[in-house]
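# A look at the structure
Now for the letters of each chain:
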Amino acid sequence: MIVNDVFAKDLFANKTVFVTGGGSGINLGIARNFAALGANIGICGRTQARLDAAAEELRALGARVCAAAADVRKPDALQAAFARSEAELGPMHVLVCGAAGNFPCPAEAMSPNGFKAVVDIDLLGGFHSCRFALDQLKKTRGSVIFISAGQALLPYQAQCHVGAAKAGIDNLMRNLALEWGPYGIRCNSIVPGPIEGTEGFERLLPEAMRDTFLEIIPLRRFGSVDDIGQLAVFLASPLATYITGAVIVADGGQNLPGSGIFAHLLMQAMG
Ligand code: NAP
Ligand code: COA
């Protein structure tokens, strides 16, 4: 459930939030939380039909929406999507770098192209997004939110590609916070825990391992997309104007006991 009675309902009125990978899952949940507080929303992804369905949901919350198909690995397509969003909605105040790919695969079975695909989408895609959003963010003294993952903090079984990509993202985030702070631009990362009902959750937590995995999460529940949407709203809000270069974990404590149980359960589930 979107908690939109905590902030003023017009907190992001006349502001534009662009979410890469915003057509589904956590990223769409983030877009919904901003839309509920008056923001205009730009989204991109590879699948126009998925973006159109998401746009309809966001418009129902009152947002003006620009849904432009673009692969974050392709600089020209991404630049065109950002230009269209600026023309239709005005310069972006918040960029959320959420586009990502993931599949469980042990390093010894991973092809070079499999490793590259994930690093290309998450890390290079994240750089492209920031690089091409910079002119707009300078105009608004806006902020960037990267969607990282626990794999950046700890080694996770069958996740070497994601670990490399997400650790790279957090490092990129800190470098940009350093370089772009003087423009008034803040950069932060969110590390979501296991978020129920999402593609990442389905791919990494097969049904058979969920009950046991839940027992090691200190807060004893999986997360929701709104848990992450609310954190993104906070980070972009006037309550967070001195926060930059931070990696903020929203995982119910899931990473605290380590990744051993995940490794054990996943290897069992993968046979
Ligand atoms: P998701 O719904 O599959 O979200 C990924 C989105 O990115 C999709 O809408 C996808 O749309 C888009 N995308 C993929 N490749 C792209 C590309 N090359 N260019 C542009 N868009 C692309 O999965 P999710 O689980 O919600 O994950 C969202 C974010 O949260 C990711 O950054 C993920 O790493 C992170 N995360 C998730 C969890 C979790 O529990 N789910 C935990 C920690 C971190 P198209 O396929 O149409 O392009
Ligand atoms: N196990 C091992 N390797 C895999 C794999 C799997 N489950 N899925 C894909 N790969 C490999 C492919 O075999 C290919 O390598 P190859 O050329 O050596 O055979 C490489 O990854 C690229 O695959 P391809 O399907 O061409 O890439 P893509 O760019 O179309 O898609 C992915 C990118 C692979 C990340 C795809 O899973 C995707 O689109 N994911 C987006 C949604 C998602 O992952 N959501 C969860 C986010 S947490």
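Here goes a summary of the coordinates provided. (Residues numbered from 1 in each chain as written. Chains lettered and ligands numbered in written order. Predicted model: local features only at pLDDT ≥ 70, side-chain atom pairs only at ≥ 80, totals over all residues. Heavy atoms only, no water.)

### Looking at the site of ligand 2
Surrounding ligand 2, one finds 15 residues, the nearest of these being Arg46, Arg73, Asn102, Ser111 and Arg203. In the environment of ligand 2, an oxygen atom lies 2.7 Å from a nitrogen or oxygen atom belonging to the side chain of Arg46. Taking Arg73, its side chain carries an N or O atom lying 2.8 Å from an oxygen atom of ligand 2. Starting from 930 Å² of accessible surface for ligand 2 in isolation, the protein chains cover 55%. Elements supplying a minimum of two residues to the shell around ligand 2: α4 (112–140) and α6 (199–204). Residue contributions to the shell around ligand 2 peak at four residues, all from α4. Among the residues forming the shell around ligand 2, the class breakdown is five nonpolar, six polar and four charged. (Near = heavy atom within 4 Å. Polar contact = N/O pair within 3.5 Å; in protein donor to acceptor, adjacent residues only side chain to side chain. Areas by Shrake-Rupley, 256 points an atom, 1.4 Å probe, with all protein chains shown as cover. Helix = DSSP H or I, 4+ residues; strand = E, 2+ residues; numbered from the N terminus. Nonpolar A, V, L, I, M, F, W, Y, C, P; charged D, E, K, R; others polar.)

### What about empty space enclosed by the protein?
What the rule picks out here adds up to one cavity of 30 Å³ or more. The computed volume of the largest cavity comes to approximately 50 Å³. Residue lining of the largest cavity: 13 residues in total, with Cys97, Gly98, Ala99, Asp122 and Gly126 positioned closest to the centre. Residue assignment for the lining of the largest cavity shows that the elements contributing at least two residues are α4 and α5 (160–180). With five residues, α4 is the single largest residue contributor to the lining of the largest cavity. Residues that form the lining of the largest cavity fall into these classes: six nonpolar, five polar and two charged. (1 Å grid on protein atoms, 1.4 Å probe; cavity = no way out; pocket = protein on both sides within 12 Å on 5 of 7 lines; lining within 4 Å. Points joined across faces, edges and corners; volume = space filled by probe spheres on them.)

### Observations regarding the site of ligand 1
The local shell around ligand 1 holds 29 residues, among which Ser24, Arg46, Thr47, Asp71 and Thr198 are the closest. Here Ile195 contributes a backbone N or O atom positioned 2.9 Å from an oxygen atom of ligand 1. Expressed as a share of its isolated accessible area of 870 Å², the protein-covered part of ligand 1 is 89%. Of all the elements in the fold, those that place two or more residues in the shell around ligand 1 are α1 (25–35) and α6.

### Here we look at the nonpolar core
Among the nonpolar cores identified, the biggest contains 34 residues, and Phe34 and Ile41 are the most heavily contacted of them. Looking at this core, the elements that each hand over two or more residues are β1 (16–20), α1, β2 (40–45), α2 (48–60), β3 (65–69), β4 (92–97), β5 (143–147) and α8 (225–236). If one sorts the elements of this core by residue count, α8 sits on top with seven residues. Once residues within four sequence positions are removed from consideration, Ile41 is found in contact with Val17, Ala31, Phe34, Ala35, Leu58, Ala63, Arg64, Val65, Cys66 and Leu89. Counting residues in hydrophobic clusters, the runner-up holds 27 residues, among them Leu78, Phe82, Leu95 and Ile121. (Core = buried A, V, L, I, M, F, W, Y, C linked by side-chain atoms within 4.5 Å. Buried < 20%, exposed > 50% of the residue type's maximum accessible area, 1.4 Å probe, protein only. Contact = heavy atoms within 4.5 Å.)

### What about the packing of α1 against α8?
α8 packs onto α1 with a crossing angle of 50 degrees between their chain directions and a minimal axis gap of 8 Å. By the angle between their directions, the pair α1 and α8 is classed as oblique. The handedness of the crossing between α1 and α8 comes out as right-handed. Each of Gly25, Ile26, Gly29, Ile30, Arg32, Asn33 and Phe34 in α1 lies in contact with α8, whose residues at this interface are Val225, Asp226, Ile228, Gly229, Gln230, Ala232, Val233 and Ala236. (Axes fitted to C-alpha atoms, helices over the stretch in contact; angles between N-to-C directions. Parallel < 35°, antiparallel > 145°, perpendicular 65-115°, else oblique. Left-handed = near helix turned anticlockwise from the far one by under 90°.)

### Regarding the layout of surface pockets
In this structure, the second largest pocket encloses a volume near 230 Å³. What lines the second largest pocket is a set of 15 residues, and nearest its centre among them are Lys15, Arg141, Arg186, Ala236 and Ser237. Taken together, the residues that form the lining of the second largest pocket break down as five nonpolar, seven polar and three charged.

### Description of the sheet that holds β1
Across the sheet, seven strands lie side by side as β3-β2-β1-β4-β5-β6-β7; this open sheet has parallel pairing. In this open sheet, the two strands that pair with only one neighbour each are β3 and β7 (247–250). On average, each strand axis in the sheet is inclined to that of its neighbour by 20 degrees, with strand direction left out of account. Taken together, the five bridges between β1 and β2 define a ladder with parallel strand orientation. Its bridge partner being in β2, Val17 is matched across the sheet by Ile41. Packed onto the sheet, helix α3 (residues 75–89) meets β1, β2, β3 and β4 and runs at close to 165 degrees relative to β3. Of the strands in this sheet, β4, β5, β6 (186–192) and β7 are in contact with α8, which crosses β6 at around 165 degrees. (Pairing = 2+ DSSP bridges.)

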